[in-house]
Protein chains: 2
Amino acid sequence: MTMNVLGYAAPTAKAALEPYRFERRDIRSNDVVIEILYCGVCHTDIHYVQNDWGRSIFPLVPGHEIIGRVANIGEDVTRFKQGDHVGVGCMVDSCQRCAACKQGLEQYCEEGPTFTYNSKDRIDKIPTFGGYSKKIIVPEKFVLQIPEGLDLKGAAPLLCAGITTWSPLRHWKVGVGTNVGVIGLGGLGHMAIKLAKALGANVTLFTRSPGKEQDARRLGADNIVISTDTDQMAAINNKFALIIDSVPYVHDVNIYTSLLSLDGTLVLVGFPGSLDEPPLNTAPLVMERKSVAGSDIGGIAETQELLDFCGQHGIISDIEIIKIQDINEAYKRMLKSDVKYRFVIDMASLKE
Amino acid sequence: MTMNVLGYAAPTAKAALEPYRFERRDIRSNDVVIEILYCGVCHTDIHYVQNDWGRSIFPLVPGHEIIGRVANIGEDVTRFKQGDHVGVGCMVDSCQRCAACKQGLEQYCEEGPTFTYNSKDRIDKIPTFGGYSKKIIVPEKFVLQIPEGLDLKGAAPLLCAGITTWSPLRHWKVGVGTNVGVIGLGGLGHMAIKLAKALGANVTLFTRSPGKEQDARRLGADNIVISTDTDQMAAINNKFALIIDSVPYVHDVNIYTSLLSLDGTLVLVGFPGSLDEPPLNTAPLVMERKSVAGSDIGGIAETQELLDFCGQHGIISDIEIIKIQDINEAYKRMLKSDVKYRFVIDMASLKE
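Predicted model, so just to flag it, every value in this text is computed and none were measured.

Draft legend 1. Here's a closer look at the overall build of chain A. Along its length, chain A carries 11 helices and 17 strands. A compact globule built from 352 residues should have a C-alpha radius of gyration of about 20 Å, and chain A, at 20 Å, falls within 12% of that. Here chain A holds 352 residues, and 59% of them are scored as buried. Counting contacts in chain A only where the partners sit at least 6 residues apart, residues at least 24 apart contribute 68% of the total. Accessible surface computed for chain A: about 13700 Å², of which carbon and sulfur atoms make up 49%. For chain A, the centre of its 36 positive side-chain charges and the centre of its 42 negative side-chain charges are spaced 1 Å apart.

Structure representation (structure tokens):
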């Protein structure tokens, strides 16, 4: 039996979001039914609503930074019980058989993971709908435990912005004393600073805006470099083992590759890439065995690791809480970078 | 006391090479004096003779794939004795103090290594002259042992073409069963195939020339893919853990990044890069955590490891032996890719 749920959807591309009633898929024995308490608002939500990538399925219910409470469990569920606080990120399923899935890298599933919204369920083949809604049904394997004591509202963005920066920090083995650069201070960038700092790194923020210095220091940045200041940039040549590039639009990475140290990596997390970008100057790569790489969200085990780490260190996102009725206005403000640093929807505002 | 040596030099940029007498620097207590028997001819030699990078010092004596016999040793030399067969590659010195040197990565010396030619000696400050000559003086630390039984002529190209492909094979941990791609079948490419195969890899050559198939298979390639054939290319998506790109001119790497598997790396070894290249499409990097990287020759310990490996496996370069008097003609043929796969100068042809 399907479940009728109230949410907010974009009825067509670029349209304003509005209340929308829809059927969730049948509950299966390994499913957790979650009452959604909070949902973070990610830039990806806007891309899908605007159909920027040409693959949106409308009506579209966005939202993949979900915090909720377990309402019900299928008979085979063992790790959760009614009332538990849980999280759901960008994925709700994957093939579970390929080499990537077997390594716990479900985000790189060879068949493609099932995303929390705008995918098709692997069994029912009906579209998935995201977290701008009252309830969601997710296989146990893709449900995360929220550590006791972690602020639930501020934890929501950990499910996407958090894991997207945590995964490269861990993959490239950032630890005490590592020189880490972060390009851009938005939803991803502010999490990268907090997490790198908590791992013991020496953190430098690269920004074009001198006005961001005070806030960056409060978040944990040890240094702030104005990326348009060529003297400041020249002074830190060959310094960084890892630079996390969170810039979400076309930009030139060549000014950063020379800042990498021997064997250093610049990892793109904010922008899926475009051929409008300036050509990559490969000379610095050859001369000091540097890499330009990319990284996409993170696996489920790694996301649980992040949540546990945040529980231990009391790390949450800086958020501004909104009502679901304010979502269209929030999108407009996000497009002007007017948010510090993540909107989170209080789902109690959505009344049945 | 300096040592007067006969060699072959380019007197000015783009001029033909001709006999040239010059003074080598003073012999120091840690030096090995080497009578040069063979010297490989590298494309870099042509770049320097043509002053392609604007930093050539004339008269210029090229040559950094040197095989010789120890003629004399300084009083502090312990690892070599008169008559030993030895090799010298692209470097004859480095700072020995920086983090890179301490890791045995002298090629990435933070002060810049002293190259075998067209550098300045770190103490005397006089130019270094390469292996197109009868004798060379090299600090013991930068002299390599040639394993007994290895063909001396065919071993010469191991000192540059060999180590340049060996270093990334080792750094990116190629072993039994690794899927390795090699782009381009020249001096570097043919060594990459032999070495990857000897390490147990499954090796695929990418080439634009169907005529190279037979030779590539003889060298050890398991598969040959015509890089302009979009069907062939599409059939091997996401297959390669490492692709060694030995192409020495401006080209488009975007057709190869989609062939990398999860966590795969495309490493540029043949071309130092240019902004004339097409933009890098970073989307495949983000979607499967792939990297585009570079690698430059290799360290001294790693070069010795390569030579020992080649001694054990009987690996040498495919060469065409020439007299020093044929060097200008050899350059012309190299510019037409008319060599299988490396010219090596028999230095006995250079008469005092």
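Draft legend 2. Main features of the pairing of strand β11 (residues 202-207) of chain B. Residues and elements named next belong to chain B. A large share of β11 lies buried, amounting to five of its six residues. The parallel pair strand β10 (residues 179-183) and β11 is bridged by helix α5 (residues 187-198), and the resulting crossover is right-handed. Note: β11 against strand β12 (residues 223-226), four bridges, orientation parallel. Residue pairing across strands places T204 opposite N223, the latter belonging to β12. You can see the chain leave β11, run along helix α6 (residues 213-219) and come back into β12, and the turn it takes is right-handed.

Draft legend 3. Region of the structure containing helix α11 (residues 327-335) of chain A. Residue and element names in this part refer to chain A. I327, A330, Y331, R333 and M334 are the residues of α11 that are buried. What you see down the axis of α11 is that its buried residues fit within an arc of 165°, all on one side. Buried residues along α11 sit against β1 (3-9), β3 (31-41), α1 (43-49), β16 (319-323) and β17 (342-346). Following α11 by one or two positions, S337 has its phi on the positive side, about 55°.

Draft legend 4. Fine view of the sheet that holds strand β13 (residues 240-245) of chain A. Judged by pairing direction, the sheet is mixed, and its 12 strands sit side by side in the order β12(A)-β11(A)-β10(A)-β13(A)-β14(A)-β15(A)-β15(B)-β14(B)-β13(B)-β10(B)-β11(B)-β12(B) without closing on themselves. Every interior strand has two partners, whereas the edge strands, β12 (223-226) of chain A together with β12 of chain B, have only one. Between one strand axis and the next, the sheet turns through 20° on average, direction left out of account. Strand direction decides the pairing type here: β13(A) and strand β14 (residues 260-268) of chain A, joined by five bridges, are parallel. Each residue of the ladder has a partner; that of A:F240, found in β14(A), is A:L260. Against the sheet, helix α4 (residues 161-171) of chain B engages β14 of chain A together with β10, β13 (240-245) and β14 (260-268) of chain B, with an angle of about 160° to β13(B).

Draft legend 5. Structural detail: the state of the cysteines. Residues and elements named next belong to chain B. Taken as a whole and assessed by the stated rule, the structure comprises zero disulfides over all chains. As a non-bridged cysteine, C42 has C160 as the owner of its nearest cysteine sulfur, 3.9 Å distant. Of the cysteine sulfurs around C310, a residue in no disulfide, the closest is that of C160, at 14 Å. Using a relative accessible area of 0% as the deciding quantity, one classes C310 as buried.

Draft legend 6. Structural detail: the environment of A:A156. Residue and element names in this part refer to chain A. Mapping A156 onto the fold places it in the loop between α3 (152-155) and α4 (161-171). Judged by its relative accessible area of 0%, A156 is buried. Spatially, the C-alpha atom of A156 lies 17 Å from that of M334, the residues being 178 residues apart in sequence. Beyond its immediate stretch of four places on either side in the chain, A156 contacts G40, E65, I67 and V344.

Draft legend 7. Fine view of the pattern of salt bridges. One pass over the full model with this rule turns up 42 salt bridges over all chains. A salt bridge links A:E106 to A:K141; the nearest nitrogen and oxygen atoms lie 3.3 Å apart. Of the two residues, A:E106 is situated in the loop between α2 (99-102) and β7 (114-115) and A:K141 in the loop between β8 (135-139) and β9 (144-145); the sequence distance between them amounts to 35 residues. Note on A:E106: relative accessible area 1%, which makes it buried. A relative accessible area of 39% means that A:K141 is categorised as partly exposed. For the salt bridge of B:R122 with B:E111, the shortest nitrogen-to-oxygen distance reads 3.1 Å. With B:R122 in the loop between β7 (114-115) and β8 (135-139) and B:E111 in the loop between α2 (99-102) and β7, this pair connects stretches of sequence that are 11 residues apart.

Draft legend 8. Up close: the relation of the copies chain A and chain B. Mapping chain A onto chain B is achieved by rotating through 180° and translating by 0.0 Å along the same axis, at an RMSD of 0.0 Å. These values place the two chain copies in the arrangement generated by a two-fold rotation axis. Using C-alpha coordinates, one finds that chain A approaches the rotation axis most closely at A:P279, a distance of 1.8 Å.

Draft legend 9. How the structure looks around the interface of chain A and chain B. Taken together, the contact pairs 35 residues of chain A with 35 residues of chain B. Buried surface at the junction of chain A and chain B, summed over both partners, amounts to about 2900 Å²; 62% is from carbon and sulfur atoms. For the interface between chain A and chain B, the tally reads zero salt bridges. Seen at the junction of chain A and chain B, the total is seven residue pairs in polar contact (both at pLDDT 80 or more). Direction of pairing for strand β15 (residues 291-294) of chain A relative to strand β15 (residues 291-294) of chain B: antiparallel, over a ladder of three bridges. Pairing of A:S291 across the sheet is with B:A293, part of β15(B).

Draft legend 10. How the structure looks around unusual backbone geometry. Residues and elements named next belong to chain A. F58 connects to P59 through a cis peptide bond whose omega is -5°. Tracing the backbone through its elements, the reader meets P59 in the loop between α1 and β4 (66-73). Unlike most non-glycine residues, R289 shows phi in positive territory, near 45°. As for its position among the elements, R289 is in the loop between α9 (283-287) and β15.

Draft legend 11. Inspection of the packing of aromatic side chains at higher detail. All names here are of chain A. A full pass over the atoms with the stated rule returns 16 aromatic pairs over all chains. When the centroid spacing of 4.5 Å and the interplanar angle of 45° are considered together, the rings of F22 and F129 count as tilted. Placement of F22 in strand β2 (residues 18-24) and of F129 in the loop between β7 and β8 is noted, with a sequence separation of 107 residues between them. Taking relative accessible area as the criterion, F22 reaches 4% and is therefore assigned buried. Classification of F129 by relative accessible area gives buried; the value is 11%. Their ring planes at 75° and their centres at 5.4 Å tell us that F206 and Y256 sit as a pair that is edge-to-face. Of this pair, F206 sits in strand β11 (residues 202-207) while Y256 sits in helix α8 (residues 254-257), and the two are 50 residues apart along the sequence. As far as burial versus exposure is concerned, F206 and Y256 are alike and both buried.

Reading the values: rules and limits
- Residues numbered from 1 in each chain as written.
- Chains lettered and ligands numbered in written order.
- Predicted model: local features only at pLDDT ≥ 70, side-chain atom pairs only at ≥ 80, totals over all residues.
- Heavy atoms only, no water.
- Helix = DSSP H or I, 4+ residues; strand = E, 2+ residues; numbered from the N terminus.
- Rg over C-alpha atoms; globule rule 2.2 N^0.38 Å.
- Buried < 20%, exposed > 50% of the residue type's maximum accessible area, 1.4 Å probe, protein only.
- Contact = heavy atoms within 4.5 Å.
- Areas by Shrake-Rupley, 256 points an atom, 1.4 Å probe, with all protein chains shown as cover.
- Lys, Arg positive; Asp, Glu negative; His and termini not counted.
- Charge placed at Lys NZ, Arg CZ, Asp CG, Glu CD.
- Right-handed = clockwise from strand over helix to strand, strands pointing away.
- Pairing = 2+ DSSP bridges.
- Arc of directions from axis to C-beta.
- Axes fitted to C-alpha atoms, helices over the stretch in contact; angles between N-to-C directions.
- Disulfide = S-S within 2.5 Å.
- Salt bridge = Lys/Arg side-chain N within 4 Å of Asp/Glu carboxyl O.
- Least-squares fit on C-alpha atoms with pLDDT ≥ 70 in both.
- Buried area = accessible area lost by both parts, 1.4 Å probe.
- Polar contact = N/O pair within 3.5 Å; in protein donor to acceptor, adjacent residues only side chain to side chain.
- Phe/Tyr/Trp six-rings, centres within 6.5 Å; stacked < 30°, edge-to-face > 60°.

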